[in-house]
Structure formats: structure tokens, C-alpha cells
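Okay, here's what each chain looks like letter by letter:
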Amino acid sequence: MIGVGLILGHLSAYLRLVRQETFLSLFAVTRERLLIDMSDKGKTEVYFDGACPLCRREISLYRKLDKEGVVSWVDVANSHPVVSGLTKDELLKRFHIKNKEGVILSGARAFFDLWKELPGWKWLGKLGKYPFVVNMAEILYIGFLRVRPFMQKCMNLFEKSKT
């Protein structure tokens, strides 16, 4: 029940911000961090935290769906990728992609853009054209990021107990 209350609290805060017209400035950094990387346009690159057990499982699912190899997968935790304007720490804190046009996106916007590339998930990616849906997903993603360290610890304990 606490989760529902938290979501409703975020939703009411979102609606207040929209009414106050501060919404766009609030999400200006997280929603559309438009960094353009002109090198190697044409293939979507996904930057993920390979040290995170949750991230590894999710990326494993996406990789299985990417049978045509339209996505390049970059494990940031175990490499030193060069991404325009972003440090390794920034790449590890949030989910990032560089889309086919060379635009670097993060958070919910990045997920929607990736899903457009994956068979069986394209319908979900199409929801990314609706700002309300993307903004609500971003709010949920920010909430997830707050509990992610706890969930990682639980997953690590679970994986250790299996071995």
C-alpha cells in the first residue's frame, strides 16, 4: 500500500508542477539531455551497469530479443566507454543510450527509444511519443533509482545463496 501512496504522491506533485508551468524546467536535464555524438551513427548503443545484477538480467533479456544485432551493448562497469559529455559515474547512475541519430538519451526516454528497436517491444516504444507517458515513466524510474541499491543487495544475496 505504501507504493501506491508514493505513486499517488508523485502524481499529485506532477499535476501541481504542470499547473505551475515549472514542469518543463524540472525535467529539462533528465528528460531531454540532448548530447549529439556524430561518430558511428546508425546503430543504437546501450550503456548499462554490468555490475548491477538487476541491470544484467534486464539487458540479458533485451540481448536475446536483439537477434538481428541492431543494438550495440556496452557494459560501462567493465570498460571505459567514451561518450560525449558524460563521465563513467554518470553512465552508471542512470540508463543511457545513443540512438541511431547519435542523440544520447537517459532514463525513461532511453528505455522507450530502445524498446522501439526490439521485436515484441516496439508497441511499448511507440508510447514514447506521448509526453505524459514518458514523464510518468520518468517519475517511476527516479523512484526505482532510489530503491535500486537495496534491490541490488537483495539480488546479490539471492545469487550467492544459489551457488
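Residues numbered from 1 in each chain as written. Predicted model: local features only at pLDDT ≥ 70, side-chain atom pairs only at ≥ 80, totals over all residues. Heavy atoms only, no water.

Enquirer: Tell me about the overall build of the protein, and please be specific about residues and values.
Expert: Tallying secondary structure elements over the protein gives seven helices and five strands in all. Written out in order from the N terminus, the α and β elements of the protein read α-α-β-β-α-β-α-β-β-α-α-α. Counting over 163 residues, the protein shows a buried share of 36%. Expressed as a percentage of contacts within the protein between residues at least 6 apart in sequence, the contacts between residues at least 24 apart total 68%. (Helix = DSSP H or I, 4+ residues; strand = E, 2+ residues; numbered from the N terminus. Buried < 20%, exposed > 50% of the residue type's maximum accessible area, 1.4 Å probe, protein only. Contact = heavy atoms within 4.5 Å.)

Enquirer: Could you give an account of the side chain of aspartate 49, with specific residues and numbers?
Expert: Locating aspartate 49 in the fold gives a position in the loop between strand E2 (44–48) and helix H3 (53–65). By relative accessible area, which is 13% here, aspartate 49 ends up buried. Polar side-chain contacts of aspartate 49 include one of 2.8 Å to the side chain of arginine 148. Sequence-distant contacts of aspartate 49, that is, excluding residues within four places in its chain, are made with Cys55, Arg56, Asp75, Ala77, Leu92, Arg148 and Gln152. (Polar contact = N/O pair within 3.5 Å; in protein donor to acceptor, adjacent residues only side chain to side chain.)

Enquirer: Can you tell me about the layout of surface pockets, naming the residues and giving the values?
Expert: Of the voids in this model, the largest pocket is the one considered here, and its volume is about 410 Å³. Taken together, 25 residues line the largest pocket, and the ones lying closest to its centre are Glu58, Phe95, Phe111, Tyr141 and Phe144. Counting only elements with at least two residues in the lining of the largest pocket, the list comes to E2, H3, helix H4 (88–93), helix H5 (107–115) and helix H7 (131–162). Among the elements that make up the lining of the largest pocket, the one with the highest residue count is H7 (seven residues). (1 Å grid on protein atoms, 1.4 Å probe; cavity = no way out; pocket = protein on both sides within 12 Å on 5 of 7 lines; lining within 4 Å. Points joined across faces, edges and corners; volume = space filled by probe spheres on them.)

Enquirer: Provide a residue-level description of the environment of tryptophan 73, including the pertinent values.
Expert: Topologically, tryptophan 73 is positioned in strand E3 (residues 71–75). For the pair tryptophan 73 and arginine 63, spaced ten residues apart in sequence, the C-alpha to C-alpha distance is 8.1 Å. Among all residues touching tryptophan 73, those that are not within four sequence positions of it are Val46, Phe48, Ile59, Tyr62, Arg63, Asp66 and Leu114. Of note is the side chain of tryptophan 73, whose polar atom sits 3.4 Å from the side chain of aspartate 66. Looking at tryptophan 73, its side chain comes within polar contact range of the main-chain oxygen of valine 71, at 3.5 Å.

Enquirer: I'd like to hear about the pattern of salt bridges, residue by residue, with values.
Expert: Counted by the stated rule, this structure contains five salt bridges. Note that aspartate 49 and arginine 148 form a salt bridge whose closest N and O atoms lie 2.8 Å from each other. With aspartate 49 in the loop between E2 and H3 and arginine 148 in helix H7, this residue pair connects regions lying 99 residues apart in the sequence. Exposure class is identical for aspartate 49 and arginine 148. Each is buried. Lysine 100 is the partner of glutamate 117 in a salt bridge, and the nearest nitrogen-oxygen pair spans 3.2 Å. (Salt bridge = Lys/Arg side-chain N within 4 Å of Asp/Glu carboxyl O.)

Enquirer: Residues and numbers for the confidence of the model for the protein, please.
Expert: Residues of the protein with pLDDT of at least 70 account for 74%, and the chain-wide mean is 81. Averaged over each element, pLDDT in the protein is lowest for helix H2 (residues 23–31) (41) and highest for H5 (97). Counting contacts from residues 18–34, a segment whose pLDDT is below 50, to residues more than four positions away or on other chains yields 27 contacts. (pLDDT = per-residue confidence, 0-100.)

Enquirer: Describe H3, listing the residues and the values that go with them.
Expert: Under the 1.5 Å per step criterion, the end-to-end length of H3 is 19 Å for 13 residues, consistent within 8% with the ideal 18 Å. Turning to H3, its buried residues are Pro53, Leu54, Cys55, Ile59 and Tyr62. On its buried face, H3 sits against E2, E3, H5 and H7. (Expected span 1.5 Å × (residues − 1).)

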